[in-house]
Amino acid sequence: MAEQNRLKEEDAQAQLQKFFAAIPREIPLVLFCEPGKNEPFAEGARQIIRAIREITDKVSLREYTLDHALAKEWGISRSPTLVFAPENFKIRWLGAPLGHEVQTFMEALRIIGRQEPDLGKEAIKVLAKLDSPRAIKVFVSPSCPYCPQAAINGIRAAVARPDLISLELIDIQANPDLAEQYAAQSVPQTFANETQIGLGAQPEELFVASLAALEPQRVFIPDSDAEEIVCDLVIVGGGPAGLTAGIYAARSGLQAVVVEKGVLGGQVATTPMVENYPGFTQVGGKTLVDIMVTHALEYVKIFPGEEVQTITPGEVFTVTTTRRRYKTRAVLLATGAGYKRLGAPGEERLAGRGISYCSTCDGPLFTGKKVLMVGGGDSAVTEALHLHNIGVGVTMVHRRESLRAQERLLVSLRESGIPVLFNSEVVEILGEARVEAVRLKNNRTGEESTLPVDGVFIAIGYSPAVELARSLGAELTPDGYIKKDERHRTTVPGVYSAGDVEGGFKQIVTAAGHGSEAALAIFEDLINPYWTNQKKR
Ligand code: NAP
């Protein structure tokens, strides 16, 4: 038995020697400790580094107390803090590499010693585009098997962009006060610039995407450098209509792409809760979008953050965006609709200073405060309920004597006890630096009153995004939507429409349905183009 153990030890030593032989550079470590503070952790850190130094001379160690000038210069105040290769990187370990963290520690030495982040091509691309600093904190613990992945993501990022990225790996056992401060009671948790960007271990692409966006991402869409893309169909708009059209077009055999100027999912992405999409009794709007995007990515390339600037018709259309050019046989306009403005004095001046069109985005800023929700449709009621549920004191105001929202929502509204001011209009939004009150007018009695509020949420419908359709010379309906036939053909040959930009019921499920119809019609038309047949007639 003793002999077996000796052989195992020798084998482990040989493997470690091989591991360090493959590392080309010395890795300077600096350990800061305060006598009497977190001693077991400080001793743990010393022991593991000592053991490594017995095997290799690639690791050097200096140790200082917290009152040393270097600790002050580098802003180090916690014991123990281990600093890795400070001349090249900003990587610190607050605690000691124990338990599962030993794996992280060894990988950190390998990555830092080779000065190679070993990230995938897509992740490197995302980090290369970063143009402002990111201070990452990853909360870990020795007993957590998922922590090494989160920690190693951080190390790779800090090695890839030492000019912008700094990293603190925080052991929650050595630093329970920090865990408490960040409410990091479950690990791993990743923060960047004090914002939580990851809960649990993330795949590397989702980690870098979250780091770039400074919010957790659940879908990774690879970037493309192509200057020109040739395809059968360009779908403009990445909401439910566009994404569904992409799936159907690709499944019909068309080469389709989806181009989206803003956030994928359109209005759904900011809808707090969806309760009428078949298959989901209740699903967050953003979650539903992530599911749709993940599904669509199985079939089509998606280009978010890219705005279509011009569409030049012809035998082959040229679609020019802010990033590149597309040559395509057909175009589907699934451009959706934008928030309608109230037009009341003060609305423009105080925009972003207490006036909001998105309760999911801005609601949390008003927890414990009083706000007004303007509107009487499904959106206004859904959003008022969301605000109420997150602790915002919300009052609704509607210009008629009854709301037009679905009965189911009205029941929830009644149960919530949210007050509704009927027959009332907002005639002015008041406030100096930010919203302080609204001036209301009862349109029955003509009586005016002032209601003090901290915020005004506006959900009074949407205006269709028809600029591209207009620039193509496509006809619009008297209500301002795109005019189309039952096959979603607009009045411009080869140009189709789907979703809210066509008017109608404006439900997620109808948008998706129309997206599928349009894609199937486009497939049939591309095989047998009605516009050439028209010419022949
Ligand atoms: P909407 O149904 O068009 O309702 C807009 C509301 O705002 C109406 O009550 C309207 O008043 C009011 N309004 C319009 N202009 C106004 C102004 N200038 N001043 C004051 N009030 C004004 O819009 P939406 O609620 O955003 O819904 C849009 C579409 O999405 C709808 O088809 C809706 O069914 C759908 N949607 C569905 C769900 C769901 O199913 N859970 C959720 C959200 C949205 P009037 O009543 O006087 O016209």
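The structure presented is a predicted model; accordingly, all values stated were derived computationally and were not measured. (Residues numbered from 1 in each chain as written. Predicted model: local features only at pLDDT ≥ 70, side-chain atom pairs only at ≥ 80, totals over all residues. Heavy atoms only, no water.)

Re the domain arrangement of the chain
We note that the domain assignment places domain 1 (8-213), domain 2 (228-338 + 464-529) and domain 3 (355-458) within the chain. Here the C-alpha centroids of domain 2 and domain 3 sit 32 Å apart. Counting residues at the interface gives six residues for domain 2 and eight residues for domain 3. Carbon and sulfur atoms supply 56% of the area buried between domain 2 and domain 3, which totals about 480 Å² over both sides. A per-residue breakdown of the area domain 2 buries against domain 3 is headed by Thr270, Pro272 and Glu275, which together make up 73% of the total. Taken together, domain 2 and domain 3 are joined by one residue pair in polar contact (both at pLDDT 80 or more). The class makeup of the residues in the side of domain 2 that touches domain 3 is two nonpolar, four polar and no charged. (Domains from an automatic or database assignment. Contact = heavy atoms within 4.5 Å. Buried area = accessible area lost by both parts, 1.4 Å probe. Polar contact = N/O pair within 3.5 Å; in protein donor to acceptor, adjacent residues only side chain to side chain. Nonpolar A, V, L, I, M, F, W, Y, C, P; charged D, E, K, R; others polar.)

A few points about empty space enclosed by the protein
In this structure the tally under the stated criterion is one cavity of 30 Å³ or more. Put simply, the largest cavity is a space of about 40 Å³. Considering the residues around the largest cavity, the lining is formed by Tyr339, Lys340, Tyr357, Glu383, Ile458, Ala459, Ile460, Gly461 and Tyr462. Here the lining of the largest cavity is composed, by residue class, of six nonpolar, one polar and two charged. (1 Å grid on protein atoms, 1.4 Å probe; cavity = no way out; pocket = protein on both sides within 12 Å on 5 of 7 lines; lining within 4 Å. Points joined across faces, edges and corners; volume = space filled by probe spheres on them.)

Structural notes on the pattern of salt bridges
Going through the model one piece at a time under the given rule, you end up with 28 salt bridges. The salt bridge involving Glu43 is made with Arg50; its shortest N-O contact spans 3.8 Å. A salt bridge links Lys125 to Glu122; the nearest nitrogen and oxygen atoms lie 4.0 Å apart. Here the residue Lys125 and the residue Glu122 both occupy positions in helix H5 (residues 121-128), the gap between them amounting to three residues, near one helical turn. You can call Lys125 partly exposed: its relative accessible area is 22%. Put simply, Glu107, Arg110, Arg114, Asp118 and Arg156 are held in one network by salt bridges that share partners. (Salt bridge = Lys/Arg side-chain N within 4 Å of Asp/Glu carboxyl O. Helix = DSSP H or I, 4+ residues; strand = E, 2+ residues; numbered from the N terminus. Buried < 20%, exposed > 50% of the residue type's maximum accessible area, 1.4 Å probe, protein only.)

Side note on the packing of helix H6 (residues 147-160) against helix H8 (residues 204-213)
In the contact formed by H6 and H8, the axes pass within 10 Å of each other and the chain directions differ by 60°. On the basis of their axis angle, the class for H6 and H8 is oblique. For H6 against H8, the interelement crossing comes out right-handed. Between H6 and H8, the residues in contact are Asn153, Gly154, Arg156 and Ala157 and Glu204, Phe207 and Leu211, respectively. Partitioning the contact of H6 with H8 into residue classes produces three nonpolar, two polar and two charged. (Axes fitted to C-alpha atoms, helices over the stretch in contact; angles between N-to-C directions. Parallel < 35°, antiparallel > 145°, perpendicular 65-115°, else oblique. Left-handed = near helix turned anticlockwise from the far one by under 90°.)

Points about the sheet that holds strand S16 (residues 355-356)
What the five strands build is an open sheet, ordered S16-S23-S17-S18-S19; its pairing is parallel. Both edges of this open sheet fall to S16 and strand S19 (420-421), since each of them pairs with a single strand only. In terms of strand pairing, S16 meets strand S23 (residues 455-458) through two bridges, oriented parallel. Among the inter-strand pairings, Ile355 is bridged to a residue of S23, identified as Val456. (Pairing = 2+ DSSP bridges.)

Focus: the pairing of strand S18 (residues 393-397)
Most of S18 is tucked away: four of the five residues are buried. Looking at chain direction, strand S17 (residues 370-374) and S18 are connected through five bridges and run parallel. Opposite Val371, over in S18, you have Val394 as the bridge partner. Between the parallel pair S17 and S18, the chain is carried across by helix H12 (residues 378-389), and the sense of this crossover is right-handed. As defined by bridge partners, S18 adjoins S19 across two bridges and the pair is classed as parallel. Across the sheet, residue Met396 finds its bridge partner in S19, namely Val420. The handedness of the S18 to S19 crossover, carried by helix H13 (residues 407-416), is right-handed. (Right-handed = clockwise from strand over helix to strand, strands pointing away.)

Here's the deal with the side chain of Arg489
Looking at the element boundaries, Arg489 is found in the loop between helix H14 (467-471) and strand S25 (495-497). For Arg489, a relative accessible area of 18% corresponds to the buried category. Not counting chain neighbours up to four residues away, the residues in contact with Arg489 comprise Lys483, Lys484, Val495, Tyr496, Asp525 and Tyr530.

Considerations on unusual backbone geometry
The omega angle of the peptide bond from Ser79 to Pro80 is -10°, so this bond is cis rather than trans. Here Pro80 lies in the loop between helix H3 (69-73) and strand S3 (81-84). Of note, the bond from Val187 into Pro188 is cis; its omega dihedral lies within 30 degrees of zero at -5°. Turning to its location among the elements, Pro188 is positioned in the loop between helix H7 (176-181) and strand S7 (189-192).

With respect to the site of the ligand
Of all residues adjacent to the ligand, which total 20 residues, the nearest are Asn276, Asp378, Ser379, Arg400 and Arg404. For the ligand, an oxygen atom lies 2.5 Å from a polar atom in the side chain of Asn276. Residue Arg404 places a side-chain N or O atom 2.5 Å away from an oxygen atom belonging to the ligand. Within the complex, 82% of the 910 Å² of free accessible area of the ligand lies under protein. (Near = heavy atom within 4 Å. Areas by Shrake-Rupley, 256 points an atom, 1.4 Å probe, with all protein chains shown as cover.)

Here we look at the nonpolar core
Counting residues in hydrophobic clusters, the biggest one holds 56 residues, and the most contacted among them are Phe84, Phe105 and Leu109. Among the elements that line this core, the one with the most residues is H6, at eight residues. Once residues lying within four places of it in the same chain are set aside, the contact partners of Phe105 are Leu29, Ile48, Ile49, Ile52, Leu82, Phe84, Trp93 and Pro97. Judged by nonpolar contacts, the second largest core, of 40 residues, contains Ala269, Ala296, Ala334 and Tyr530. (Core = buried A, V, L, I, M, F, W, Y, C linked by side-chain atoms within 4.5 Å.)

Re H6
Note that an α-helix has 3.6 residues per turn; residues three or four places apart therefore point the same way. Taking 1.5 Å per residue as the helical rise, H6 with its 14 residues ought to reach 20 Å, and the 20 Å between its terminal C-alpha atoms agrees with that figure. Within H6, 12 of the 14 residues are buried, leaving the element largely enclosed by the surrounding structure. Among the residues of H6, those classed as buried are Cys147, Pro148, Ala150, Ala151, Ile152, Asn153, Gly154, Ile155, Arg156, Ala157, Ala158 and Val159. (Expected span 1.5 Å × (residues − 1).)

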